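# Residue-level structural notes
Below are the chains, spelled out letter by letter.
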Amino acid sequence: MRVFWVSDAPWHTTGYGITTKYIIGRMAEDGHEVFCYAPGAAHQGLIAGSDYGPNVKVLTSQFGDDRWGNGSLAYHVQTFNPDLIITWLDCQGLGQYGWSEVPTFMWTPVDTWPIPFAEIPILNRARKLLVPSRWGQEVLKREELEAEYVPIGIDLDLYDTSEEGRVRWRKQLQPPVEDDTFLIGSVGLNTGMPDRKGYGFEFDVIREFSSKHKNVRCYIHTNAQGDGGAINLLELRHAMGLQDVICFSRPTGSITENPLFMRDMYNAFDVLLHCGMCEGIGMPLIESQACGTPIVLNSCTGMTEHAPGGY
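Read on for a plain summary of the structure. (Residues numbered from 1 in each chain as written. Predicted model: local features only at pLDDT ≥ 70, side-chain atom pairs only at ≥ 80, totals over all residues. Heavy atoms only, no water.)

## Some details on the overall build of the protein chain
Test applied: Runs of H or I in DSSP of at least four residues are treated as helices and runs of E of at least two as strands, each being numbered from the N terminus. Put simply, the radius of gyration uses C-alpha atoms, and a globule should come to 2.2 Å times the residue count raised to 0.38. Relative accessibility thresholds used throughout: buried, under 20% of the residue-type maximum; exposed, over 50%; partly exposed, between the two (1.4 Å probe, protein chains only). Surface exposure here means Shrake-Rupley accessible area, sampled with a 1.4 Å probe, where a residue is shielded only by the protein chains that are shown. In this tally, Asp and Glu contribute negative charge and Lys and Arg positive charge; neither His nor the terminal groups of the chain are included. For the purpose of locating charges, the reference atoms are NZ of Lys, CZ of Arg, CG of Asp and CD of Glu.
Within the protein chain one finds nine helices and 13 strands. Here the C-alpha radius of gyration of the protein chain, 20 Å, is about what a compact globule of 311 residues would show, namely 19 Å. For the protein chain, the C-alpha atoms occupy an extent of roughly 60 × 45 × 40 Å along the three principal directions. Each of the 311 residues in the protein chain was classed as buried or not, and the buried ones make up 52%. Accessible area of the protein chain: about 15,000 Å², with a carbon and sulfur share of 53%. Considering the protein chain, the positive charge centre built from 24 side chains and the negative charge centre built from 38 side chains are found 2 Å apart.

Have a look at this one:
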């Protein structure tokens, strides 16, 4: 089967990219010919990545196309004539998907609820909806949208406990994190408005906790300045007087770090804090627990399915 897979490039360290790398690899091993359409990977062209095997080709979009690659989609579908299209991105931008005779499966994270009115016609064009949580499955059912539950996993050969990695990572922060310092971690892109990750609430929690306990620091792995109308976390940190408590990932960008950095980062945390209020799926929650780091999260939406033992 010729599979046209739409997501981030397999070399990206986003949840989309990491998932893409393993799923398309499995598809290729099963004998399918996979075209990974990664609109944000580069501009115009075809990259045959030897790391992903001869059955995988990474396609890119025309310069200036959007994150979903709507402008270049028709050209690629006509050129490569796939048997199936699978989208693995948030569905609200899939304006040109599902219009061709090629069946389209859409991954549907359900990051907001009720389902936004503009998304319903997009989802109705899909041959099948794939949802990563039982909660999301129920939300879709209220809109008379049937979806198949597809649980998300991670590579346990990569995400594992490492005392050496913990020590190494804590030393590289400036100033370094001492052994007796309690390090709170947080992971998630800061994009869009309203604040879906709950950073405003998160900063309140950090301020309250650090005011009552000594030797507390917090590292937030995110794009601190934000985009798409998101709040500027650097300004929020200053306004709340948390300059000596909170630090952020490097200006080069939170999605550029390699997998070893991410594994050691989770090991370095004493706890992962996540105050998001409308997450359909939370990969950092799974990755953190795989590294032996406990999580504290809101008891809502699909996130609670990652913490069956309590919150």
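## Structural notes on the sheet that holds strand β11 (residues 246–248)
Adjacent strands of a sheet form backbone hydrogen bonds with each other and so pair up, either parallel or antiparallel. The cut-off we apply is this: Here a strand pair is declared whenever DSSP counts at least two bridges between the two strands. Geometry is summarised by axes, namely lines fitted to C-alpha atoms with helices restricted to the contacting stretch, and by angles between N-to-C directions that run from 0 to 180 degrees.
The parallel open sheet is built from five strands, whose spatial order is β11-β10-β9-β12-β13. Two strands in the sheet have a free side with no partner beyond their single neighbour: β11 and β13 (295–297). With direction set aside, neighbouring strand axes in the sheet form an average angle of 25 degrees. As paired elements, strand β9 (residues 182–187) and strand β10 (residues 216–221) share six bridges and run parallel to each other.

## Here's the deal with the nonpolar core
For clarity, the cut-off: As used in this record, nonpolar core signifies buried Ala, Val, Leu, Ile, Met, Phe, Trp, Tyr and Cys residues forming a set joined through side-chain atoms within 4.5 Å. Working rule for contacts: check all heavy atoms of both residues, and any pair within 4.5 Å makes them a contact.
Within the largest apolar cluster, 51 residues are counted, with the highest numbers of intra-cluster contacts made by F4, W5, I86, Y97, M106, L123 and L140. Here L140 is in contact with T108, V110, I115, L123, V131, L145 and A147, once residues within four sequence places are set aside. Core analysis: the second largest hydrophobic core is formed by 23 residues, Y159, V187, M262 and Y266 among them.

## Points about the layout of surface pockets
Empty space among the atoms becomes visible once a probe the size of a water molecule is rolled across them. Note the following rule: We place a 1 Å grid over just the protein atoms. Points where a 1.4 Å probe fits but has no way out form a cavity, open points with protein on both sides within 12 Å along at least 5 of 7 lines form a pocket, and any residue with an atom within 4 Å of a point lines it. Grid points are joined across faces, edges and corners, and a volume is the space filled by probe spheres set on the points. Note on residue categories: nonpolar means Ala, Val, Leu, Ile, Met, Phe, Trp, Tyr, Cys or Pro, charged means Asp, Glu, Lys or Arg, and polar means any other residue, Gly included.
One number sums up the size of the second largest pocket: a volume of about 300 Å³. With six residues, helix α1 (residues 15–29) is the single largest residue contributor to the lining of the second largest pocket. Residues of the lining of the second largest pocket, tallied by class, amount to nine nonpolar, two polar and three charged.

## A short note on the pairing of β9
Definition in use: By convention, a crossover is right-handed whenever its connection, traced from the first strand over the helix to the second and viewed with the strands pointing away, goes clockwise.
For β9, the tally of buried residues reaches five of six residues, placing the bulk of the element in the interior. In this view, the connection linking β9 to its parallel neighbour β10 by way of helix α6 (residues 199–212) has right-handed handedness. Bridge count between β9 and strand β12 (residues 271–274): two bridges; the pairing is parallel. Bridge pairing in β12 links G185 to L272.

## Brief notes about the pattern of salt bridges
Rule in force here: Whenever Lys or Arg places a side-chain nitrogen within 4 Å of a carboxyl oxygen from Asp or Glu, that contact is recorded as a salt bridge.
Summed over the entire model, instances satisfying the criterion amount to 16 salt bridges. Residue E148 pairs with K128 through a salt bridge whose shortest N-O separation is 3.1 Å. Taken together, the positions of E148 in strand β8 (residues 148–149) and K128 in strand β7 (residues 128–131) put the pair 20 residues apart, joining distant regions of the chain. Taking the relative accessible area as the measure of exposure, E148 reaches 40% and is therefore partly exposed. Note on K128: relative accessible area 32%, which makes it partly exposed.

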